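# Examination of the molecular architecture
Take a look at the letters that make up each chain.
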Amino acid sequence: MLDDLIVASEKGEDEGARPTIPFDYLSVADELHSGRIKVAGESAAAEYREQGADLAAEFAVLLDQAKLTLAGEEHWPEEKLPPIDPEAIAGELGLDRPAKNADFGRIRRNFAFANHPDRVAPHLRQRAMIRMQVANMLIDEAKRRALAGARR
C-alpha cells in the first residue's frame, strides 16, 4: 500500500492530499539532538507538578464518583466459599458412594470443569487450587482402591 502511495505521488495523482505545511522530520530530529534547544530543569519540574496537580484533582473527582456509585448499590450477602475439606469434596465427586465401574477420568474432568483455578473468579483461585489438589488426591486414591479390589 505504501508503494502504491509513493507511485501515485510520483505520478502527481491526488495532489489535494499533500500536507499544506511542509514538515521535514530529519531537520526536526537534527535540531532536537543538536543541543541548541534547552529546557531548564526547574521549568520541567514545574510543568510536571502542574500536570500532576491536575491529575490528582481528576483522580479525586473520579474516586468521589465511585464512592457515590458504590454507596447506592445493594450490599450482597457474604459469599459462601466452596469447602476445602476432603469429606465435602469426596461428596461432590460422588466417591462416598460405592461404584463398581466408576469412570474416574470423567469424574476428574467434570470436577475440573467447574472448579479449575483458571475458571473461577480471581479472589477464589487459591481456594480452587487447593480444591483441585484434594480432588485429584481423592480420585487417585479411589482409583487405586478400585484397581486393588479388581485384582482380588
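A few points on the structure. All figures in this text were calculated on a predicted structure; none of them were measured in a lab. (Residues numbered from 1 in each chain as written. Predicted model: local features only at pLDDT ≥ 70, side-chain atom pairs only at ≥ 80, totals over all residues. Heavy atoms only, no water.)

## Points about the overall build of the protein
Quick note on the threshold: Helix numbering and strand numbering both begin at the N terminus, where a helix is a DSSP run of H or I of at least 4 residues and a strand a DSSP run of E of at least 2. Any residue under 20% of the maximum accessible area for its type is buried, any over 50% is exposed, and the rest in between are partly exposed; the area is computed with a 1.4 Å probe on protein chains only.
A count of helical and extended segments in the protein gives six helices and zero strands. For the protein, the succession of helices and strands along the chain, N to C, is α-α-α-α-α-α. Looking at the protein as a whole, 14% of its 152 residues are labelled buried.

## Comments concerning the nonpolar core
The criterion, for reference: The criterion is simple. A nonpolar core is a set of buried Ala, Val, Leu, Ile, Met, Phe, Trp, Tyr and Cys residues joined through side-chain atoms within 4.5 Å. Note on contacts: a residue pair qualifies if any of its non-hydrogen atoms lie within 4.5 Å across the two residues.
Formed by 14 residues in total, the largest nonpolar core has its most connected members in Ile-89, Leu-93, Leu-95, Phe-104, Phe-111, Leu-138 and Ile-139. At the level of elements, helix H4 (86-93), helix H5 (104-115) and helix H6 (125-151) are the ones that each hand at least two residues to this core. Ranked by the residues each element gives to this core, the list is headed by H6, at six residues. Leu-95 has contacts with Ala-90, Phe-104, Leu-138, Ile-139 and Ala-142, leaving out every residue within four places of it along the chain.

## Comments concerning H6
For the record, the criterion: Expected helix span is given by 1.5 Å per residue-to-residue step, counting one fewer step than there are residues.
Along its 27 residues, H6 runs 39 Å from first to last C-alpha, staying within 8% of the 39 Å computed at 1.5 Å per residue. Residues Ala-128, Arg-131, Met-132, Val-134, Ala-135, Leu-138, Ile-139 and Ala-142 constitute the buried set of H6. Lining the buried residues of H6 we find H4 and H5.

## Quick word on the pattern of salt bridges
This is how it is decided: In what follows, salt bridge is the name for a side-chain nitrogen of Lys or Arg lying within 4 Å of a carboxyl oxygen of Asp or Glu.
One pass over the full model with this rule turns up four salt bridges. The salt bridge partner of Asp-103 is Arg-106, with a shortest N-O separation of 3.9 Å. For Asp-103, a relative accessible area of 37% corresponds to the partly exposed category. Overall, the relative accessible area of 40% leaves Arg-106 in the partly exposed class.

## Overview of H5
An α-helical turn contains 3.6 residues, so any two residues separated by three or four positions project in the same direction. To keep things clear, this is the line we draw: Directions from the helix axis toward the C-beta atoms define the arc.
The terminal C-alpha atoms of H5 lie 16 Å apart, and with 12 residues this matches the ideal 16 Å at 1.5 Å per residue to within 8%. Buried within H5 are the following residues: Phe-104, Ile-107, Phe-111, Ala-112 and Asn-115. All buried residues of H5 lie within an arc of 125° about the axis, which places them on one face of the element. In H5, the exposed residues that point more than 90 degrees away from the buried face are Arg-109 and Phe-113.

## Description of the packing of aromatic side chains
The following threshold applies: Paired rings are identified among Phe, Tyr and Trp, the last through its six-membered ring, by centres lying within 6.5 Å, and are further divided according to the angle between planes into stacked (under 30 degrees), edge-to-face (over 60) and tilted (the rest). Two conditions define a charge located above a ring, namely a distance within 6 Å from the ring centre to NZ of Lys or CZ of Arg, and an angle within 35 degrees of the ring normal.
Scanning the entire structure with this criterion turns up zero aromatic pairs. In this structure, Arg-119 is placed above the aromatic ring of Phe-113, and the distance from its NZ or CZ to the ring centre is 4.0 Å.

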